[in-house]
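The primary structure of each chain is shown beneath.
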Amino acid sequence: MNLVMTVLLLALLASAGVLFFGLMLMRGEGEELKKMTELYESGVEVRAKLVSLVPFGTNGYASATYEWQSPEGSGRFNTGASVGPAHVVGQRYPLVFDPRNTKRVHLGTKVAVRRERKRRQGYARNARRMALLSFAAGALATVGLIISP
């Protein structure tokens with residue numbers, strides 16, 4: 001096996017790995033994009049009250065629980081947060097939730113949901129590009145292996 005064959009074989013293996021990674025990213029980012037799109041289209045913006053902030057560990061992180069009431073529904077949302085002046089128990093914070101699925105929540109305003117949705121669209125588009133380019137590189141490496149003496 002000469003050097004050209006070794007390089008082509010390594011390129012084929014690398015492109016297969018990158019293709020697999022790109023396909024995983026496409027699936028994950030596609031699901032997140034779908035969630036953000038549903039939140040953007042049917043989400044309701046409310047003011048949620050921070051009802052508890054329980055520190056854990058020594059790194060300055062805490063478990064935060066938000067509670068909200070609205071005509072479309074009410075609920076609680078648990079998430080991680082950093083301990084500091086930005087999070088005060090009893091204060092109200094903007095939150096967007098899906099009335100059909102109250103577990104689908106985004107801390108922030110509808111504008112923040114739109115921005116996140118746009119970012120997710122970019123991530124999904126870049127994952128598709130990466131998968132397509134790695135497939136093309138693998139195809140070229142395969143052709144090179146076939147036609148090399």
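Notes on the structure follow. (Residues numbered from 1 in each chain as written. Predicted model: local features only at pLDDT ≥ 70, side-chain atom pairs only at ≥ 80, totals over all residues. Heavy atoms only, no water.)

1. Notes on the sheet that holds strand 3 (residues 73-82)
In step 1: Reading across from one edge, 3-2-1-4-5 is the order of the 5 strands in this open sheet, with antiparallel pairing throughout. Each edge of the sheet is formed by a strand with only one pairing partner; in this case those strands are strand 3 and strand 5 (101-107). Direction aside, neighbouring strands of the sheet carry axes that sit 40° apart on average.
In step 2: Across 4 bridges, strand 4 (residues 92-98) lies against strand 5 in antiparallel orientation. What sits directly across from Leu-95, in strand 5, is Leu-107.
In step 3: Packing against the sheet, helix 2 (residues 110-147) makes contact with strand 1 (44-56), strand 4 and strand 5, and its axis sits at approximately 90° to strand 5. (Pairing = 2+ DSSP bridges. Helix = DSSP H or I, 4+ residues; strand = E, 2+ residues; numbered from the N terminus. Axes fitted to C-alpha atoms, helices over the stretch in contact; angles between N-to-C directions. Contact = heavy atoms within 4.5 Å.)

2. Here we look at a nonpolar patch on the surface
In step 1: A cluster of nonpolar residues, Leu-9, Leu-10 and Leu-13, forms a patch on the protein surface that exposes about 290 Å² of accessible area.
In step 2: Among the secondary structure elements, Leu-9 is positioned in helix 1 (residues 3-42). (Patch = residues over 30% accessible without salt bridge, like charges linked within 9 Å, V, L, I, M, F, W, Y side chains within 5 Å. Areas by Shrake-Rupley, 256 points an atom, 1.4 Å probe, with all protein chains shown as cover. Salt bridge = Lys/Arg side-chain N within 4 Å of Asp/Glu carboxyl O.)

3. Considerations on a positive patch on the surface
In step 1: A cluster of basic residues, Arg-114, Arg-115, Lys-118, Arg-125, Arg-128 and Arg-129, forms a positive patch at the surface.
In step 2: As for its placement among the helices and strands, Lys-118 is situated in helix 2.
In step 3: Look at Lys-118 and you get exposed, because its relative accessible area is 61%. (Lys, Arg positive; Asp, Glu negative; His and termini not counted. Charge placed at Lys NZ, Arg CZ, Asp CG, Glu CD. Buried < 20%, exposed > 50% of the residue type's maximum accessible area, 1.4 Å probe, protein only.)

4. Observations concerning helix 2
In step 1: Taking 1.5 Å per residue, 38 residues should reach 56 Å; helix 2 reaches 55 Å between its end C-alpha atoms and fits that length.
In step 2: Along helix 2, the positions that sit buried rather than exposed are Val-113, Glu-116, Arg-120, Gly-122, Ala-124, Ala-127, Ala-131, Ser-134, Gly-138, Ala-141 and Gly-144.
In step 3: Contact partners of the buried residues in helix 2: helix 1, strand 4 and strand 5. (Expected span 1.5 Å × (residues − 1).)

5. Digging into the packing of aromatic side chains
In step 1: Inspection of the entire model under this criterion finds 2 aromatic pairs.
In step 2: Measuring from centroid to centroid gives 6.0 Å for Tyr-66 and Tyr-93, while their planes differ by 90°, and the two rings are edge-to-face. A residue pair is termed long-range when its members are at least 10 positions apart, and Tyr-66 in strand 2 (residues 61-70) and Tyr-93 in strand 4 qualify at 27 residues.
In step 3: Of the residues examined, Tyr-66 reaches a relative accessible area of 2% and is grouped as buried. (Phe/Tyr/Trp six-rings, centres within 6.5 Å; stacked < 30°, edge-to-face > 60°.)

6. Quick notes on the pairing of strand 4
In step 1: The buried fraction of strand 4 amounts to 5 of the 7 residues, a majority that puts the element mostly inside the structure.
In step 2: Sheet topology places strand 1 next to strand 4; 6 bridges connect them, and they run antiparallel. In the sheet register, Ala-48 faces strand 4, and the bridge partner there is Tyr-93.

7. Details of the environment of Gly-144
In step 1: Following the sequence through the fold, Gly-144 ends up in helix 2.
In step 2: Along the sequence, Gly-144 and Tyr-40 sit 104 residues apart, while their C-alpha atoms lie 47 Å from each other.

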